[in-house]
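Chains, contacts and geometry: an overview
What follows is the residue order along each chain.
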Amino acid sequence: MATVKEFRNNVRPNWCPGCGDFSVQAAIQRALANLGMEPEQVAVVSGIGCSGRISGYINTYGFHGVHGRALPLAQGLKLANRDLTVIAAGGDGDGFGIGLGHFIHAVRRNLDITYVTMDNQIYGLTKGQTSPTSGHGFKTKTTPSGNIEHAVQPIELALGAGIGFAAQGFSSDINQLTRLVELAIQHKGFALVNVFSPCVTFNKTNTYDWFKQHIVNLENDPAYDPTDRSRAMQKVLETGGLCTGLIYRQERPSYEELIPGFQAEPVARHNLQMDPGVFGELV
Ligand code: SF4
Ligand code: MG
């Protein structure tokens, strides 16, 4: 059983001091240690953006992919090596802009992977442009008169696409975030943890204080039932998406479990046996 320290490496994150992504990094490291995992059992796959750097900052296997493609990479990895715990990670621009099509299909495909999104409602790496989750009226250099589009609401989209696990966390509450990441990893199927992870440098609207004033923590409501999908959707709509905690969870077979024979034999090994000539040419 590896400790939290063993999930750290010697790469110093170049995120700005105070960036919400530090907490997400720490929450993933704590969750992996709490679940008794070893670094070699895990792969963290990311796309492009400030948050995309996270795959280089956690001592597991890592793959820093191209913009919006964390989920195709993560799904391919999981299919090729079902023994790996696969965590995809990235930002709101990466996952809900260019990668949005992949997100919807990953949700409905339901492979057993975890997707942690660091949602700061802005493009941070490119120095502060309006992103798909930026609010209506949000002003940046690309929308100097205010954003005239409406924001994508990740949990609403995920519930609409039939997700089996949807949670939302906040960088200021690392204990809750760690618990949510643990639950997501344990869930058999596609699990989303969307994290309000403030960009302290470019987003002066959705700050830590702003989230503290607006977030509704579902853990404070003992009557909330996360197995009720219509109630989950209602809660997301009621709060404008600003609710944290486990929002929805439903156990059902994952994609892998529905592939005939997949559980008995890893895909890569199976193909090797079926057609050794092809693999012979490759090696
Ligand atoms: Fe974080 Fe924003 Fe700095 Fe990027 S620009 S590292 S998102 S605070
Ligand atoms: Mg962003």
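Residues numbered from 1 in each chain as written. Chains lettered and ligands numbered in written order. Predicted model: local features only at pLDDT ≥ 70, side-chain atom pairs only at ≥ 80, totals over all residues. Heavy atoms only, no water.

Let's shift gears to the overall build of the protein. Along the backbone of the protein there are eleven helices and eight strands. Oriented by its inertia axes, the alpha-carbon framework of the protein measures out at about 60 × 40 × 35 Å. Scored against the burial criterion, the 283 residues of the protein give a buried share of 49%. Put simply, 70% of the contacts in the protein that link residues at least 6 apart link residues at least 24 apart. Taken as a whole, the protein presents about 12900 Å² of accessible surface, with 54% of it coming from carbon and sulfur. (Helix = DSSP H or I, 4+ residues; strand = E, 2+ residues; numbered from the N terminus. Buried < 20%, exposed > 50% of the residue type's maximum accessible area, 1.4 Å probe, protein only. Contact = heavy atoms within 4.5 Å. Areas by Shrake-Rupley, 256 points an atom, 1.4 Å probe, with all protein chains shown as cover.)

With the rule as written, the count across this model stands at four salt bridges. As a salt-bridge pair, Lys188 and Asp112 come within 3.6 Å of each other at their nearest N and O atoms. Taken together, the residues span a long stretch of sequence, with Lys188 in the loop between α6 (174-186) and β6 (191-196) and Asp112 in the loop between α4 (100-109) and β4 (114-119) at a distance of 76 residues. Judged by relative accessible area, which is 43%, Lys188 ranks as partly exposed. Here Glu238 and Arg231 are joined by a salt bridge, their closest N and O atoms 3.7 Å apart. By relative accessible area, Glu238 is classed as partly exposed at 48%. According to the relative accessible area criterion, Arg231 is partly exposed, its value standing at 25%. (Salt bridge = Lys/Arg side-chain N within 4 Å of Asp/Glu carboxyl O.)

By the secondary structure assignment, Ser134 is in the loop between β4 and α5 (154-160). There is a polar contact of 2.7 Å between the side chain of Ser134 and the backbone oxygen of Gln121. Setting aside chain neighbours within four positions, we find Ser134 in contact with Gln121, Ile122, Asn147 and Ala151. (Polar contact = N/O pair within 3.5 Å; in protein donor to acceptor, adjacent residues only side chain to side chain.)

Ligation of the magnesium ion (ligand 2) by protein atoms is provided by Asp92 (OD), Asn120 (OD1) and Ile122 (O), these donors lying 2.1 to 2.3 Å from the ion. All donors of the magnesium ion (ligand 2) come from a single chain, and their spacing in sequence reads D-x27-N-x1-I. Of this pair, Asp92 sits in helix α3 (residues 92-98) while Ile122 is found in the loop between β4 and α5, placing the two residues 30 residues apart along the sequence. Like Asp92, the residue Ile122 is buried in the burial classification. (Donors = N, O, S within 2.8 Å, 3.2 Å for Na, K, Ca; no water.)

Without other data, these values stay purely geometric and don't point to any function.
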